[in-house]
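Residues per chain, in single letters:
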Amino acid sequence: MRKQLYGSLALVLIAVLCTGSPAVATIPYGSLSAGIPGGVGPGLAAPSIVPGKEYSHDVDQETLAPGGIADPQQVIAWDGSGGVADGIDYTGTRPSYTPEDDVDALANRRDHLFKQLIASDDTVDMAHLIFSHDDMISIYPPTAPPGSGVLPLPFAVPSGTPPGITLVSGKVIGGAGELSYEKAFAFSPLSDQGLWAKQPDINAMPRPRDVDGVEVWGPEPAFKADANKYSLNVDFMSGTSVWNYPTGTPYISQATIAAAVTSLLGPFPPTAVLPFPDFIDGTDAINLDALMVQDIIVGDDADDTFDRDPTGGIGDRIIFSIRQIIDPLDPTGYYATGSELFVLDASTGPTGTTFLRHGGHLWDKAYALSDLALPPALVGGHAVIDINAIEAISQEVVPEPTSVLLLVVAGLGFVLTRRRPS
């Protein structure tokens, strides 16, 4: 019975992944000014002005072919107005692991606004969190509620708006092919969430079904390599959860991520399982799928190693999430909802892992269950979204000096042209 159910679920997943968009012409990547995060505040910089944006699609796609075709390890650059271009392709860059797995998390070694995203006992978060969530999750129908021991069913989360995804909290966020936000608690009420980038903002043709990795604040044009930390689809296959680019060496092992997660969520239950993309049990099921990085320790090969601070201070850090892991015997239905956000510091190691504090709350399992669940009327049962991409933005964008100079030159040219005698 279990094998038959697994087979049925796999067929449903394959059907969803193979449902393609009509063959339409991709809109070319447009011009965008380079810049860095500007002033913080309650506002959100629009997708069309935030520079250096890249995303990973599930499954990975290239943009050269009309309508996009599957291309494992290909990242897409997007301008925020619907235009796209092929970005980094990690294929062939890892000497020790060559399989063509899909990419499912993106970051830069020194992600902008990393520190401003994290609240602590004596600071409040100042940057806004942006995130996406998976298009495939598990639901527990009324006939087989959590704790009954019956495996849940797969559910395809809508990809786009309107009308958006309404959570049990009443907040309306974007679909699986969009990017949502949670505003910084320094400027906004508790857990203030909404839609940041719609499907046609990210890729007008074809619209994304599942954005499963995002990186912003890179150079322009965004197909210049900026996502130099990334994760692949199933971490235990390689033993690595985060990879370096372009060296192709491991940055953080899957065992380290598993130890960090179990330090907060407890020992991995024998009844828990990772249902997508395949049924995996044990700690092999702990699979990183969202990522931000702050690599700050200077030393030999510092950018490619996850280093402690030799003076005992804060070391290299990451913020990450993992895929949703079901547990039919757990009263909540999950070992991990997939929407917990963890902060791992190389100086304290896995045992010092904490939940991200942002938006006036901890991004822990209790918050996910209470605020990130989907209404029973939508899913026909009990289900929680699975966050699979994270980044940070500010209220404003400051143009880089070269961009400002170009604007000044253009302005002078306009003035001189107007003053030229007829």
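Residues numbered from 1 in each chain as written. Predicted model: local features only at pLDDT ≥ 70, side-chain atom pairs only at ≥ 80, totals over all residues. Heavy atoms only, no water.

Trainee: Any chance you could break down the overall build of the protein chain for me, citing the residues and the numbers?
Mentor: Within the protein chain one finds 7 helices and 28 strands. Expressed as a percentage of the 422 residues in the protein chain, the buried residues total 56%. Residue pairs at least 24 apart in sequence account for 71% of intrachain contacts in the protein chain once pairs closer than 6 positions are excluded. Carbon and sulfur atoms provide 61% of the accessible area of the protein chain, an area that totals close to 16800 Å². (Helix = DSSP H or I, 4+ residues; strand = E, 2+ residues; numbered from the N terminus. Buried < 20%, exposed > 50% of the residue type's maximum accessible area, 1.4 Å probe, protein only. Contact = heavy atoms within 4.5 Å. Areas by Shrake-Rupley, 256 points an atom, 1.4 Å probe, with all protein chains shown as cover.)

Trainee: Provide a residue-level description of the environment of P141, including the pertinent values.
Mentor: Note on placement: P141 falls in the loop between β9 (136-139) and β10 (153-156). The buried category is assigned to P141, whose relative accessible area is 15%. As a C-alpha pair, P141 and P152 span 11 residues in sequence and 7.2 Å in three-dimensional space. What P141 contacts, discounting residues up to four positions off in sequence, is L153, G380 and G381.

Trainee: How would you summarise the sheet that holds strand β6 (residues 84-89) if you had to cite specific residues and measurements?
Mentor: Reading across from one edge, β6-β5-β2-β15 is the order of the 4 strands in this open sheet, with antiparallel pairing throughout. The open sheet is flanked by β6 and β15 (211-215), the only strands paired with a single partner. Here the average twist between neighbouring strands, direction ignored, is 35°. Pairing of strand β5 (residues 74-78) with β6, which is carried by 4 bridges, proceeds in the antiparallel orientation. Each bridged residue has a counterpart across the sheet, and for I76 the counterpart in β6 is D86. (Pairing = 2+ DSSP bridges. Axes fitted to C-alpha atoms, helices over the stretch in contact; angles between N-to-C directions.)

Trainee: An account of the pairing of strand β20 (residues 317-322) is requested, with residue identities and associated values reported.
Mentor: Burial analysis of β20 places 6 of its 6 residues in the buried class, the great majority of the element. Of the two faces of β20, the one lined by R317, I319 and S321 and the one lined by I318, F320 and I322 are each fully buried. Bridging between strand β19 (residues 288-294) and β20 involves 6 bridges; their strand directions are antiparallel. Looking at β20, one finds that M292 is bridged to I319.

Trainee: For the sheet that holds strand β13 (residues 179-182), give the residues involved together with the corresponding values.
Mentor: Pairing is antiparallel in the open sheet, where 4 strands are placed in the order β14-β13-β8-β27. Among the strands making up the open sheet, the edge pair consists of β14 (193-197) and β27 (387-393). Direction aside, neighbouring strands of the sheet carry axes that sit 35° apart on average. As judged from the 3 bridges shared by strand β8 (residues 128-133) and β13, these two strands associate in the antiparallel manner. Across the sheet, the residue bridging to L129 is E182, located in β13.

Trainee: How would you explain the environment of G266 if you had to name every residue and give the values?
Mentor: The residue G266 is located in the loop between α4 (254-265) and β19 in this model. Overall, G266 belongs to the buried group, its relative accessible area being 17%. A sequence separation of 69 residues divides G266 from Y335, and the C-alpha atoms of the two residues are 8.8 Å apart. In contact with G266, other than residues within four places in its own chain, are V261 and Y335.

Trainee: For α4, give the residues involved together with the corresponding values.
Mentor: Taking 1.5 Å as the rise per residue, α4 with 12 residues should run 16 Å; its terminal C-alpha atoms sit 16 Å apart, in good agreement. Among the residues making up α4, those that are buried are Q254, I257, A258, A260, V261 and L265. On an axial view of α4, the arc spanned by its buried residues comes to 160°, and they lie on one face. Downstream of α4 by one or two residues, G266 has phi in the positive range, about 95°. (Expected span 1.5 Å × (residues − 1). Arc of directions from axis to C-beta.)

Trainee: Give me the lowdown on a nonpolar patch on the surface, citing residues and values where you can.
Mentor: Taken together, V124, F185 and L190 make up a surface patch of nonpolar side chains, about 250 Å² in accessible area. If you trace the backbone, L190 turns up in the loop between β13 and β14. With relative accessibility at 54%, the residue L190 sits in the exposed group. (Patch = residues over 30% accessible without salt bridge, like charges linked within 9 Å, V, L, I, M, F, W, Y side chains within 5 Å. Salt bridge = Lys/Arg side-chain N within 4 Å of Asp/Glu carboxyl O.)

Trainee: Describe the side chain of D125, listing the residues and the values that go with them.
Mentor: Relative to the assigned elements, D125 resides in the loop between α2 (114-117) and β8. Buried charge without a partner: D125 forms no salt bridge, and the closest opposite charge is R357, 7.5 Å away. Only 3.2 Å separates the side chain of D125 from the backbone nitrogen of G359, close enough to count as a polar contact. Not counting chain neighbours up to four residues away, the residues in contact with D125 comprise Q116, L117, I118, A119, K183, A184, F185, A186, R357, H358, G359 and G360. (Lys, Arg positive; Asp, Glu negative; His and termini not counted. Polar contact = N/O pair within 3.5 Å; in protein donor to acceptor, adjacent residues only side chain to side chain.)

Trainee: Explain the nonpolar core to me, and be specific about the residues and the numbers.
Mentor: Counting 57 residues, the largest nonpolar core has W196, I319, W363, L372 and I390 as its most contacted members. Looking at this core element by element, the count peaks at 5 residues for β27. (Core = buried A, V, L, I, M, F, W, Y, C linked by side-chain atoms within 4.5 Å.)

Trainee: Could you give me a rundown of the pattern of salt bridges, with the residues and numbers involved?
Mentor: Opposite charge on two side chains allows them to pair when their charged atoms are near. With the rule as written, the count across this model stands at 5 salt bridges. The closest approach of N and O atoms between D135 and R209, which form a salt bridge, is 2.9 Å. Linking D135 in the loop between β8 and β9 with R209 in the loop between α3 (199-202) and β15, this pair joins segments that are 74 residues apart in sequence. In this structure R209 comes out as buried when scored by relative accessible area, which is 15%. Across the pair D304 and K229 runs a salt bridge, and its minimum N-O distance is 3.8 Å. Here D304, found in the loop between β19 and β20, pairs with K229, found in strand β16 (residues 229-232); they are 75 residues apart in sequence, far enough to count as distant. Its relative accessible area of 22% is what places D304 among the partly exposed residues.

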